[in-house]
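Structural features, examined
The lines below spell out each chain.
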Amino acid sequence: MDKLIYLDNAATTKTAKEVFEAMKPYFEEEYGNAASIYTFAGHAKKAVEDSRRTIAEFIGAKHDEIYFTGGGSESDNWAVKGVANALKSKGKHLITSKIEHHAILHTFEFLEKEGFEVTYLDVDDKGVVKLDELKKAIRPDTTLISIMFANNEIGTLEPIGEIGKIAHEHGIVFHTDAVQAFGHVPINVNELRIDMLSASGHKLNGPKGIGILYIRNGVRIDSLIHGGSQEKGRRGGTQNTPGIVGLGKAVELAAARMETRRVRETALRDRLIERVLDEIPYTRLNGDRNIRLSNNANFSFRFIEGESLLIMLDQKGICGSSGSACTSGSLDPSHVLLAIGLPHEIAHGSLRLTVSEENTEEEIDYTVEALKKIVERLRSMSPLYEDFVKKNR
């Protein structure tokens, strides 16, 4: 197979053709600044507000509760820093989990240096937050709980409704990083008692560089970016009209095809999981087998290194990612895999493959056959594997 097989859709997705076409006029023709008052700029302003309404309806929010940002990381930073600082007179205790995206974890670490106290919740071996620990962690001075909707590495879906209920029973603001889940699973912020939600355009076939933060009316939050009066004075800076339009179109497409996409991706994901587990020994699936994103499969292969696996897959034209941070210059494996109880030596041999509805069964089968050969080759060079085989003869 000569063509590229892209199985890293959790990292980013291809911008849909319909999204690209919807954006084009706002680069070439309707390029007015949406904040200006003349008629020409009014076209851009209307497009921005139309997208805001589309996104609000998608998650059951009000249109004036949607704020446009530069992406998921900015939204996470704004939500956590904004509420923590706005409510610090009430208390300086915050709660999150040990498996959050670094946009959340590093933000909490920053706040710890500013005098806040953070509780990092444990998860079970599937990556699910322990609700009993959450209840025990709540204190009179707790002001914010931030738990991701779905884990970006292992795909596990968290019990967001139960977490939202616990938070509201104690009068605590609840934020969820929904970057991986937004557009892939149904979300209603009122039914789930979500006060703030972060999302990013490029995870659902929209453009990069655009995101949202849903902020329930009444939530006290400080601004992160100061400047002009855009976004009701809460987020300064000229609005990214093409990006906003593209995100609105991507949400429109996601709403129309969510169920058919889920069915298609689940079938491909399950084919991948079943073949890998059946045909490659000493392999485990990370995350819950069923309560996970429809496109996510995360494996750990014993006796190999994830970085070598990625390089050899790339030589076969297959794009994936490793749960190990070794590709970024760190020798430490994924914090998520360590949190679910994997020892370092197994966590290092991890691989995340995330499908899209455009992938085919042929591509999945090609990938599995390539994996079988690559894993066998890497293990043949591993002294650890050789010792293991001798001991288990």
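These numbers were taken from a predicted model, which means no experiment stands behind them.

Before going further, it helps to examine the sheet that holds strand E9 (residues 283–285). Whenever strands of a sheet pair, they do so through backbone hydrogen bonds, lying parallel or antiparallel. Pairing in this open sheet of 3 strands is antiparallel, and the strands run E9-E10-E12 from one edge to the other. Strand pairing shows two members of the sheet lacking a second neighbour, E9 and strand E12 (350–354), which therefore form its edges. Strand-to-strand twist of the sheet, defined as the mean angle between neighbouring strand axes without regard to direction, takes the value 25 degrees. Pairing geometry for strand E10 (residues 296–301) and E12, over 5 bridges, is antiparallel.

This next bit is on the pattern of salt bridges. Tallied over the full model, the rule gives 28 salt bridges. Arg139 is paired through a salt bridge with Asp141; the nearest N and O atoms lie 2.9 Å apart. By relative accessible area, which is 28% here, Arg139 ends up partly exposed. The class of Asp141 is partly exposed, set by a relative accessible area of 24%. Each of Arg271, Arg275, Glu279, Glu361, Asp365, Glu369 and Lys372 takes part in a single network of salt bridges with overlapping partners.

Before going further, it helps to examine the packing of helix H8 (residues 241–279) against helix H12 (residues 361–380). The interhelical angle for the contact between H8 and H12, taken along N-to-C directions, is 25 degrees, at an axis separation of 10 Å. The angle between H8 and H12 falls in the class roughly parallel. Considering how the two elements wind past one another, H8 and H12 form a crossing that is right-handed. The segment H8 lies against H12, with Leu268, Arg271, Leu272, Arg275, Val276 and Glu279 engaging Glu361, Ile364, Asp365, Val368, Glu369, Leu371 and Lys372. A class-by-class count of the residues in the contact of H8 with H12 yields 6 nonpolar, no polar and 7 charged.

On to helix H5 (residues 102–113), then. For H5, spanning 12 residues, the distance from its first C-alpha to its last is 16 Å, which sits close to the expected 16 Å at 1.5 Å a residue. Buried within H5 we find Ala103, Ile104, Leu105, Thr107, Phe108 and Leu111. Where H5 terminates, the next one or two residues include Gly115, which has phi positive at roughly 100 degrees.

The tally for this structure, following the rule as stated, stands at 9 aromatic pairs. With centroids separated by 6.0 Å and ring planes inclined at 40 degrees, the aromatic side chains of Phe299 and Phe301 adopt a geometry described as tilted. Taking relative accessible area as the criterion, Phe299 reaches 0% and is therefore assigned buried. Under the relative-accessibility criterion, Phe301 is labelled buried at 0%.

A few words now on the nonpolar core. Residues Ile145, Phe149, Phe182, Ile187, Ile194 and Leu197 are the most contacted members of the largest nonpolar core, which totals 62 residues. Broken down by element, this core gets its largest block of residues, 7 residues, from H8. Residues Leu272, Ile280, Val355 and Ile374 belong to the second largest nonpolar core, which totals 27 residues.

For the protein, per-residue confidence averages 95 on the pLDDT scale, and 97% of positions sit at 70 or higher. Every residue in residues 324–328 scores below 50 in pLDDT, and together they form 13 contacts with partners more than four places removed in sequence or on other chains.

Bringing the layout of surface pockets into the picture now. The space that makes up the second largest pocket amounts to roughly 310 Å³. Those elements giving two or more residues to the lining of the second largest pocket turn out to be helix H1 (17–23) and H8.

It is worth spelling out the pairing of E10 at this point. Counting buried positions over the 6 residues of E10 gives 6, a clear majority of the element. With burial as the criterion, each face of E10 is covered, one bearing Asn296, Asn298 and Ser300 and the other bearing Ala297, Phe299 and Phe301.

Moving on: the packing of helix H3 (residues 39–59) against H8. Orientation of H3 relative to H8, taken along the N-to-C sense of each, is 35 degrees, at an axis distance of 9 Å. Classified by chirality, the crossing of H8 by H3 is left-handed. Contact residues: Ala44, Ala47, Val48, Ser51, Thr54, Ile55 and Phe58 in H3; Thr241, Ile244, Val245, Leu247, Gly248, Val251, Glu252, Ala254, Ala255 and Met258 in H8. Taken together, the residues of the contact of H3 with H8 sort by class into 12 nonpolar, 4 polar and 1 charged.

A grouping of Tyr31, Tyr38 and Phe40 is seen on the molecular surface, where their side chains present a nonpolar patch of about 340 Å² in accessible area. Structurally, the position occupied by Tyr31 is in the loop between helix H2 (25–28) and H3.

On the secondary structure map, Lys126 appears in the loop between strand E4 (117–121) and helix H6 (131–137). Residues contacting Lys126, with those up to four places away along its chain left out, are Ile154, Thr156, Gly287, Asp288 and Ile340.

With respect to topology, 7 strands assemble into an open sheet ordered E2-E8-E7-E6-E5-E3-E4, the strand pairing being mixed. Two strands close off the open sheet at either side, each with one partner strand: strand E2 (66–69) and E4. Here the strands of the sheet are splayed against their neighbours by 20 degrees on average, with no regard to which way each runs. Summarising the sheet, strand E6 (residues 173–177) and strand E7 (residues 196–200) pair through 3 bridges and their orientation is parallel. Bridging across to E7, His175 finds its partner in Met196. Here helix H7 (residues 160–169) sits on the sheet in contact with strand E5 (142–146) and E6, set at roughly 155 degrees to E6.

Conventions we followed
- Residues numbered from 1 in each chain as written.
- Predicted model: local features only at pLDDT ≥ 70, side-chain atom pairs only at ≥ 80, totals over all residues.
- Heavy atoms only, no water.
- Pairing = 2+ DSSP bridges.
- Helix = DSSP H or I, 4+ residues; strand = E, 2+ residues; numbered from the N terminus.
- Axes fitted to C-alpha atoms, helices over the stretch in contact; angles between N-to-C directions.
- Salt bridge = Lys/Arg side-chain N within 4 Å of Asp/Glu carboxyl O.
- Buried < 20%, exposed > 50% of the residue type's maximum accessible area, 1.4 Å probe, protein only.
- Parallel < 35°, antiparallel > 145°, perpendicular 65-115°, else oblique.
- Left-handed = near helix turned anticlockwise from the far one by under 90°.
- Contact = heavy atoms within 4.5 Å.
- Nonpolar A, V, L, I, M, F, W, Y, C, P; charged D, E, K, R; others polar.
- Expected span 1.5 Å × (residues − 1).
- Phe/Tyr/Trp six-rings, centres within 6.5 Å; stacked < 30°, edge-to-face > 60°.
- Core = buried A, V, L, I, M, F, W, Y, C linked by side-chain atoms within 4.5 Å.
- pLDDT = per-residue confidence, 0-100.
- 1 Å grid on protein atoms, 1.4 Å probe; cavity = no way out; pocket = protein on both sides within 12 Å on 5 of 7 lines; lining within 4 Å.
- Points joined across faces, edges and corners; volume = space filled by probe spheres on them.
- Patch = residues over 30% accessible without salt bridge, like charges linked within 9 Å, V, L, I, M, F, W, Y side chains within 5 Å.
- Areas by Shrake-Rupley, 256 points an atom, 1.4 Å probe, with all protein chains shown as cover.

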